[in-house]
Amino acid sequence: MKRISRIEISLLAAVVFSAVLSICSLNIECGEIRSSVLRLHVLANSDSQYDQELKLKVRDRLLEVSEGMYSKAKTKEEAVSVTQSNLGLLQSEAEKVLRANGCNDSVSVSLEECYFTTRTYGDVTLPAGDYQALRVIIGEGAGHNWWCVMFPPLCISPASENEAELEDVLSEEQLELVEGDGYEIKFKCVEMYEEFMQYVSDKVQ
């Protein structure tokens, strides 16, 4: 069996080190993306056709109610503040949809930190990681979920002239990252890195 020389080991170590640095750098860039958007996450009670259709009705009503809500928001922080102020309204409207459709399930509407895998919405792909999200859980929340970007308001298309768009909250490099080609491999590396770091964190605790 051929032995690996010290030079080959050094070269391999250099390649691994360079790859780790590249992933860490990419993850920092992805972190900036995560901190710039507010997501919407709607979980159905179950995967039955009835519950899944009900989930979409709740989604449609909340998007209708929130249309124009972020017209003056220029940053995610401002969008979060607006959302926080309207949680009662959003909760009430979600409950109205359930009751109007003969459903007595509970529904919770809150702002939470949620982990998302790499997801694509239209022409935009967002990297895996923890995002702040408007989370809507219907009943047991055990069914397939639906998500989009609440701010900038990609859920509502087209956005009004006064509403911030993705290019208003992301840098040119970040915008190219979420809209460009080759994101699959890049974001998969970030997702694996995030999962590894979460594993390490769980082991330490």
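Criteria and cut-off values
- Residues numbered from 1 in each chain as written.
- Predicted model: local features only at pLDDT ≥ 70, side-chain atom pairs only at ≥ 80, totals over all residues.
- Heavy atoms only, no water.
- Buried < 20%, exposed > 50% of the residue type's maximum accessible area, 1.4 Å probe, protein only.
- Helix = DSSP H or I, 4+ residues; strand = E, 2+ residues; numbered from the N terminus.
- Arc of directions from axis to C-beta.
- Contact = heavy atoms within 4.5 Å.
- Pairing = 2+ DSSP bridges.
- Salt bridge = Lys/Arg side-chain N within 4 Å of Asp/Glu carboxyl O.

A. Region of the structure containing helix α3 (residues 76-85). Residues Lys76, Ala79, Val80 and Thr83 constitute the buried set of α3. Down the axis of α3, the buried side of the element spans an arc of 100°, and every buried residue falls inside it. Turned more than 90 degrees away from the buried face of α3, the exposed residues are Glu77 and Ser85. Elements that come into contact with the buried residues of α3 comprise β1 (38-43), α4 (87-100), β2 (107-116), β5 (129-138) and β6 (145-151).

B. Up close: the pairing of β6. Among the seven residues that make up β6, six are buried, leaving the element largely enclosed by the rest of the structure. Of the strand pairs in this sheet, β1 and β6 are connected by six bridges, and their pairing is antiparallel. Looking at β6, one finds that His41 is bridged to Trp147.

C. Fine view of the pattern of salt bridges. Within the structure shown, the criterion is met by five salt bridges. Residue Lys96 is joined to Glu93 by a salt bridge in which the shortest nitrogen-to-oxygen separation is 3.4 Å. Residue Lys96 and its partner Glu93 are located together in helix α4, separated by three residues, close to a single helical turn. The class of Glu93 is buried, set by a relative accessible area of 10%. Salt-bridge contacts for Glu112 lead to Arg135; the nearest nitrogen and oxygen are separated by 3.5 Å. With Glu112 in strand β2 and Arg135 in strand β5, the pair connects residues that are 23 residues apart, well separated along the chain. With a relative accessible area of 28%, Glu112 lands in the partly exposed category. Salt bridges sharing common partners tie together Arg61, Glu64, Glu93 and Lys96.

Shape is all these values report; function is a separate question.
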